[in-house]
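# Coordinate analysis (summary)
Listed here are the chains, written in short residue letters.
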Amino acid sequence: MTKLTSSVNGHPRAASEPIWEYAPAPEARNIVKIQPQYGLFINGQFVEPQSGCYFPTLSPSSEERLSEVAWAGAEDVNSAVQAARNAYESVWRKMPGKERAKYLFRIARLLQERSREFAVLESLDGGKPIRESRDVDIPLAAAHFFYYAGWADKLEYAFQGRRPEPLGVAGQIIPWNFPLLMASWKIAPALACGNTVVLKPAETTPLTALLLCEIFQQADLPPGVVNMITGDGETGAHLVNHPDVDKIAFTGSTEVGKRIQRSIAGSRKKLTLELGGKAANVIFEDAALDQAVEGIVNGIYFNQGHVCCAGSRLLVEESVYEVVKRKLKRRIELLRVGDPLDKNTDIGAINSKAQWEKIVALTQTGVEEGATLHQSSCVLPERGYWFRPTFFTEVAVSHTIAREEIFGPVLAVLSFRTPEEAAQLANNTRYGLSAGVWTEKGSKYLAFASRLKAGVVWCNTYNKFDPASPFGGYKESGFGREGGVHGLSAYTRVG
Ligand code: NAI
Ligand code: MG
């Protein structure tokens, strides 16, 4: 270990607070073999796009071009939907649940076996720290396949006395913040219930979804059961509007979610939307404050704040406001921002230039509207897209940073005097995905949590996920639940 006061090993430091730095511990990159070009995964094979178009995917931490992937146009989307329909009619809907389960178990085990490869690729393509992709994204992705494998032959127990039927072909569109996890989260319940899938990954993070297709091949998943079409919003719109798709599952921005809802209104397509959030993390004066500050840090700086359920508003009881502010200020100085492949990194790269620009602009708005900016003084790497851990105090509820989803490592701090005021502030948002409560008193927590209009409420912890637990929002955060037994309803028709 080296004592340092400035930038070293890609983990730059402020001079203000001498600390003991870890030696660099980068994960070996050569475990992944990235091909120079990827086709579309249709009917069990990688094929060239009929569009003839490809687009690059970068590593946001170095701006290096990692590969190029196919862009699926209308004809390609059509081929993928046809493959999914054929697989549905000829194989998958007829297969007994216990046989479908075997494929899902096999996929889960293969994901575990190749977990290091997936973790490195996820961090390279998306910029998130390896510690998160290794300890959160990949294990949870495997856990979703394990969990829904368990349901595949027990669906009648989930819907007692009724007959659950699959919907048919599910079109799934996912964002860039948890690429493999979102793919698994959507594919596993769809397959368990007997549907087939056409999935579109986000433009900036297609590589782990494409590697997952190799796993489908390894697992001998019948061709066409899952098809992967890379592309942009236009590709997604073709999928949404395709007449032979029975279900759309979308995770992403509220704006696109609303557009999708409008475009399929009046059709027979079933829809689940998981959209934005502006979650409140509420600290009462009796909370264990150091633990709470760790939870706040995890809630907003985890995955660079690229989390729909991020605790992006902090509500602190007035009597402990100053002490929490002081602790938070000190804590963000200690966060390591840098190389996503280093195992000691806390905060990686912002996923794309566009997202970085959005975070910069909203932060600037916070300053212009009169809030007080606090930022870590760390030195940022020269190449790539980086943003310091940031929080604002002297925030008014009318400020843009207190209302808009920033989707970056930027926290708005407000204070409250009574639980009534805290509940009113927490619910004062057009979103309602999640919330956090910090108190040592169980009765207080239970009473307070029941007043919050949020799909998930964490107590004395934050950002904890489990495949057995349903996830989804209120209001403009969307509708429908994913995960748990509730997640089966999104992929079944119950007779
Ligand atoms: P986006 O909503 O545009 O992208 C999400 C997915 O939807 C991508 O796969 C994209 O290709 C696809 N898509 C875009 N337009 C579409 C259309 N018309 N029809 C069908 N599919 C379409 O999100 P974007 O632009 O990447 O991020 C913008 C903001 O959205 C972020 O700053 C953040 O605030 C929010 N967001 C929320 C997420 C969540 O988990 N709820 C995830 C990603 C972004
Ligand atoms: Mg990328």
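Below is a short write-up of the structure. (Residues numbered from 1 in each chain as written. Chains lettered and ligands numbered in written order. Predicted model: local features only at pLDDT ≥ 70, side-chain atom pairs only at ≥ 80, totals over all residues. Heavy atoms only, no water.)

## Quick notes on the environment of Phe 118
Applicable threshold: Elements are defined by DSSP. Helices are runs of H or I of four residues or more, strands are runs of E of two residues or more, and each kind is numbered from the N terminus. In this analysis, two residues are considered to be in contact whenever any of their non-hydrogen atoms come within 4.5 Å of each other.
Tracing the backbone through its elements, the reader meets Phe 118 in helix α3 (residues 115-126). Apart from the residues lying within four places of it in its own chain, the contact partners of Phe 118 are Leu 111, Ile 138, Leu 180, Thr 208, Leu 211, Leu 212 and Ile 215.

## Remarks on the site of ligand 1
Spelled out, the test is: For this purpose, a residue is taken to be near a molecule or strand whenever a single non-hydrogen atom of the residue falls within 4 Å of it. A 3.5 Å cut-off defines polar contacts: any pair of N or O atoms within that distance qualifies, except that in protein one atom must be a possible hydrogen donor and the other a possible acceptor, and neighbouring residues in sequence count only when both atoms are side-chain atoms. Each accessible area is a Shrake-Rupley estimate made with a 1.4 Å probe; only the visible protein chains count as cover when residues are assessed. Where each domain begins and ends is defined by an automated method or by a domain database.
Trp 176, Ser 253, Leu 275, Lys 358 and Glu 405 are the nearest of the 28 residues found near ligand 1. In the environment of ligand 1, an oxygen atom lies 2.8 Å from a nitrogen or oxygen atom belonging to the backbone of Ile 174. A distance of 2.8 Å separates an oxygen atom of ligand 1 from a polar side-chain atom of Glu 203. Bound to the protein, ligand 1 loses 86% of the 810 Å² it would expose on its own. Listing elements by their share of the shell around ligand 1, those giving two or more residues are α8 (233-241), β12 (247-251), α9 (254-264) and α12 (353-368). Each of domain 1 (32-275 + 477-494) and domain 2 (280-467) accounts for three or more of the residues forming the shell around ligand 1.

## Regarding the pattern of salt bridges
Applied cut-off: Salt bridges, as used here, are contacts in which a Lys or Arg side-chain nitrogen is within 4 Å of a carboxyl oxygen on Asp or Glu. For the exposure calls, accessible area comes from a 1.4 Å probe over protein chains only, and a residue counts as buried if that area is under 20% of its type's maximum, exposed if over 50%, partly exposed in between.
Summed over all chains, the structure comprises 30 salt bridges. Ionic pairing is found between Arg 114 and Glu 117, a salt bridge with its closest N-O pair at 2.9 Å. Summarising the burial analysis for this pair, Arg 114 and Glu 117 share the class buried. For Glu 203, the salt bridge identified is with Lys 200, shortest N-O distance 3.9 Å. When its relative accessible area of 3% is taken as the criterion, Lys 200 is described as buried. Salt bridges here are not isolated pairs; linked through shared partners, they connect Arg 85, Glu 89, Arg 93, Asp 244, Asp 246 and Arg 268.

## Thoughts on the sheet that holds strand β3 (residues 37-38)
For clarity, the threshold we go by: Here, a strand pair is defined by DSSP locating no fewer than two bridges between the strands. Interaxial angles span 0 to 180 degrees and are taken between N-to-C directions of axes, which are lines fitted to C-alpha atoms, for helices over the stretch in contact.
Strand order in the open sheet formed by three strands is β3-β7-β6, with mixed pairing between adjacent strands. Either end of the sheet is taken by a strand with one partner, and the two such strands are β3 and β6 (54-59). Of the pairings in the sheet, the one linking β6 to strand β7 (residues 64-70) comprises six bridges and is antiparallel in character. Paired with Leu 58 across the two strands is Arg 65, which belongs to β7. Where helix α7 (residues 207-218) meets the sheet, it contacts β3, β6 and β7, and its direction lies at approximately 55° from that of β7.

## Details of helix α6 (residues 179-192)
Quick note on the threshold: Here a helix's expected span is defined as the number of its residues, less one, multiplied by 1.5 Å.
Compared with the 20 Å implied by 1.5 Å per residue over 14 residues, the 20 Å span of α6 between its first and last C-alpha is a close match. Counted residue by residue, α6 has 14 buried out of 14 residues, so it is predominantly covered. A positive phi of about 95° marks Gly 194, the residue just after α6.

## Section: the coordination of the magnesium ion (ligand 2)
In an ideal tetrahedron of four donors about a metal, each angle is 109.5 degrees. In an ideal octahedron of six donors, the angles are 90 or 180 degrees. Rules: Coordination here is defined by N, O and S atoms within 2.8 Å of the metal (3.2 Å for Na, K and Ca), and since water is not considered, a site can look incomplete.
Note on the magnesium ion (ligand 2): its protein donors are Thr 57 (OG1), Leu 58 (O), Asp 125 (O), Asp 125 (OD) and Thr 204 (O). The metal-donor distances range over 2.2 to 2.5 Å. All donors of the magnesium ion (ligand 2) belong to a single chain; written as a sequence motif, their spacing is T-L-x66-D-x78-T. Taken as a pair, Thr 57 in strand β6 and Thr 204 in the loop between β10 (196-200) and α7 lie far apart in primary sequence, 147 residues in all. Accessibility expressed as a relative area gives 24% for Thr 204, which makes it partly exposed.

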